[in-house]
Structure formats: C-alpha cells, structure tokens
Amino acid sequence: MQDSPQLLSEMNDRSREVFRQIVEGYLANGEPVGSRTLTRSLSEKVSAATIRNVMQDLELLGLLGSPHISAGRVPTQKGLRMFVDGLLEVDDLNNDDRAKINSTVGNGSDVGDLLDRVGSALSGVTQGASLVLTPKHEAPIKHIEFVSLATDRALVVLVFGDGHVENRLFTPPPGQTPSSMREAANFLNALMEGRTLSELQTVIKHEIAARRQEIDVLARDMIGSGLAVWENEGEHHERLIVRGRSNLLAGEAEEDELERIRTLFDDLERKRDIADFLELTQDGDGVRIFIGSENKLFSLSGSSLVVSPYMNAERKIIGAVGVIGPTRLNYGRIVPIVDYTAQLVGKLISDRS
C-alpha cells in the first residue's frame, strides 16, 4: 500500500482539489459531499460527470467512501490521515480561544489544580473531551507492564509504591513481540525492590557490563590462539566469530566453553533490549493526531485524538495535553489550541519549580 505523501504527490491538481473540498466539506458539516456541490465550488469549470469520475478514482484508492449508493462521498480513515498529513492548513490561534484558556488556567500554586483547570479549559473551548497526562513520577516502582498495541507502538504501565499509576506510549525496539515484552516485564519486576526508573537503568547497565566481562574472560584464550575473532566489538550487535570450528575445536571442553559463551550472549542481548525498553519509556512524542482505529490506546474506533507534550525548564517532556473528539474534528482549529495549551502548561510548571 502506498503511503500518504507518495499517494498525494502522484495525484493531479484536479484530484487533489476535489479530495480537499470533499474532506473540508465533511469536516464542516458532517454530510457527504456530492458532485453538484463541487461543480459550484471548484475554481475550474468542469462537468458533474467529470467530477464523479474523479470521485470514483479516489474511492478506488481507498480515500473516499459512500454511505449510500446515490449519496455523495465522505473521507475514509485513510483519506483523513492523508489530508491531515499533507493538506491540512493549521489556523492561527484566535484571540477569543487564547483568552478563554488563559483565564481558566489561573495562578494557583498546586500543579494538580492547574491540570484540572487545563482539562476544563480544553473541554470548554473545543467542545470535546480533554486528555491531561500529569508530570512523570520519579517515585519507587512497585510493578511494570508492557502492552503491545501495534508493531511500532506499545504502552508501558507503571504502578508506583505510593499508589500512583502512569501509562506511557512508546515505540518498542525493532523485532520485539508481546512474548518478549512479557519476559522483559517479568525480569524488571524481579529487580524492583523499591527502585525508581533511573535506578533500574543503573542496575541494568551494571548487569550488561558484568555479562560482557564474563564473555571477555571466556573468549580471551580462544581469541589469543586464533580460534575466534570479534566482529563489531563493543557495538550492540557484536558477534564472536569462530574460525573453522569443526577442525579447530579439539574436544568437549572447547564445545562446552563455546556453548557457555553463546548462552551469555543471549543473556547480554536480552538485557540490552530491556535497557532499551527503560530508555524508551521516558521518551515522548511531538504534536500528534491519531485518527479512528489508529487510536488503539483508547479503543475508540470512531474518534480522533490530538495530543501535544509539555516540557519543564530543562526541556524534558513531563506530560501531555490533548483533545478527543469525532473523526470530523476541526483539526485546523484544534491543533493550535492544543499546542498553545501545552506550551502554556510547560511554562507555568517551569515557573513554579
């Protein structure tokens, strides 16, 4: 399947304009847009039959759908994604929306109260449901769980010793499966003992260093005698290459040693993957739009999520704000509102720290 940028670049001007007007019309009133409406609004004069042919081509590409046989067209989820990625024109934040957000935030000293007011402000201004993720907790962790959402998206659930619970969305290392994520969680839970995320990372780094040292000790004699050589030494994907193994390994002792090295390598790679997991759970996304079934975190197939992170004074992402609404959100208006609110929250929290 072609991706949105490539598909958009391959469309001619007429197809792009028909597509844009159908999406904008649908977002404005929620109704299918027909060929007769488009003949009156397009800049070039074309017949309704020509427009119907263009609409049919766009439907074959999976960008448009028709609720009824004789009705006009509406954008599909794929069509909305392409519009948002390539054709969306984001408005400037208007003064009225800015004033409403500023007045609702207030000057209280409690961060919890501030975030409650931010949620209320976003709901009131956008007429959608607000989403506010609080600053990341750095308390001892009681339990950790990784949940696979898609091949490139996962959720980590952190349960802290003080009862606080956080969900963080991240991109897992390539090649990870739900099974490998469960193994990583089990390994980390066995090491918790009241440690914070940062302390856990330190423990894993020490485990990796110790395992690498064991491998070095076992492999030293083999390398010294020319039986083996390092490939990509010190890198993440290093390997110990055994030369002419069937001819050069004299007996069971060497075989046992090689098997021990292989076992240690497997353990080393597992710990490196876990270290990657820990590092990725602290990453955050930029302003993002999730449409329909892309929004797996909430399982709302008929909804969209516009979300933006906010940062502290050290430019570290500590939380996020967003708006959840129908897929026909006014994205051009909602995006700058969410973006401004995230920047405002980050500034207010930084000023109080």
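Before any of the text, the structure's been laid out above.
Please read these numbers as outputs of a predicted model, since none were measured by experiment.

A. Spotlight on the overall build of the protein chain. Tallying secondary structure elements over the protein chain gives twelve helices and eleven strands in all. Sorting the 353 residues of the protein chain into buried and exposed places 42% on the buried side. With the model as given, the accessible surface of the protein chain reaches about 18500 Å², and the carbon-plus-sulfur share is 49%.

B. Here's a closer look at the packing of helix H2 (residues 13-29) against helix H5 (residues 77-86). Across the interface, H2 lies against H5 with an axial gap of 11 Å and an inter-helix angle of 105°. As the angle between them shows, H2 and H5 are arranged roughly perpendicular. The residues of H5 that touch H2, namely those facing Phe19, Arg20, Val23, Glu24 and Leu27, are Gly79, Leu80, Met82 and Phe83. Residue composition of the contact of H2 with H5, grouped by class: six nonpolar, one polar and two charged.

C. Summary view of the sheet that holds strand E5 (residues 153-160). Strand order in the open sheet formed by three strands is E4-E5-E6, and the pairing between neighbours is antiparallel. A single partner strand is all that each edge strand has here, and the edge strands are strand E4 (141-150) and strand E6 (165-170). On average, each strand axis in the sheet is inclined to that of its neighbour by 20°, with strand direction left out of account. Pairing between E5 and E6: six bridges, direction antiparallel. Each residue of the ladder has a partner; that of Val157, found in E6, is Asn167. Packed onto the sheet, helix H8 (residues 178-191) meets E4 and E5 and runs at close to 170° relative to E4.

D. Expanded view of the pairing of strand E11 (residues 317-326). Counting buried positions along E11 yields nine of ten residues, so the element is predominantly enclosed. With five bridges connecting them, strand E3 (residues 129-133) and E11 associate as antiparallel partners. Each residue of the ladder has a partner; that of Leu133, found in E11, is Ala320. As defined by bridge partners, strand E10 (residues 303-311) adjoins E11 across nine bridges and the pair is classed as antiparallel. Looking at E11, one finds that Val307 is bridged to Gly322.

E. Fine view of the pattern of salt bridges. Applying the stated criterion to the full structure yields eight salt bridges. Among the ionic pairs, Glu59 bridges to Arg73, the shortest N-O distance being 2.8 Å. On the criterion of sequence distance, the pair formed by Glu59 in helix H4 (residues 48-60) and Arg73 in the loop between strand E1 (64-65) and strand E2 (74-75) is long-range, its members being 14 residues apart. Of the residues examined, Arg73 reaches a relative accessible area of 16% and is grouped as buried. Where Glu193 meets Arg195, a salt bridge forms, and the shortest distance between an N and an O atom there is 4.0 Å. Overlapping salt bridges, with partners in common, bring together Glu17, Arg20 and Glu24 in one network.

F. Region of interest: H4. Helix length check: H4 (13 residues) gives 18 Å between terminal C-alpha atoms against 18 Å at 1.5 Å per residue, within 8%. Among the residues of H4, Ala48, Ile51, Val54, Met55 and Leu58 are the ones counted as buried. Along H4, the residues classed as buried sweep out an arc of 120° about the axis, all on the same side. In this structure, the buried residues of H4 make contact with H2, helix H3 (35-41) and E1. Remark: Gly62 follows H4 within two positions and exhibits a positive phi of approximately 85°.

Reading the values: the criteria
- Residues numbered from 1 in each chain as written.
- Predicted model: local features only at pLDDT ≥ 70, side-chain atom pairs only at ≥ 80, totals over all residues.
- Heavy atoms only, no water.
- Helix = DSSP H or I, 4+ residues; strand = E, 2+ residues; numbered from the N terminus.
- Buried < 20%, exposed > 50% of the residue type's maximum accessible area, 1.4 Å probe, protein only.
- Areas by Shrake-Rupley, 256 points an atom, 1.4 Å probe, with all protein chains shown as cover.
- Axes fitted to C-alpha atoms, helices over the stretch in contact; angles between N-to-C directions.
- Parallel < 35°, antiparallel > 145°, perpendicular 65-115°, else oblique.
- Contact = heavy atoms within 4.5 Å.
- Nonpolar A, V, L, I, M, F, W, Y, C, P; charged D, E, K, R; others polar.
- Pairing = 2+ DSSP bridges.
- Salt bridge = Lys/Arg side-chain N within 4 Å of Asp/Glu carboxyl O.
- Expected span 1.5 Å × (residues − 1).
- Arc of directions from axis to C-beta.

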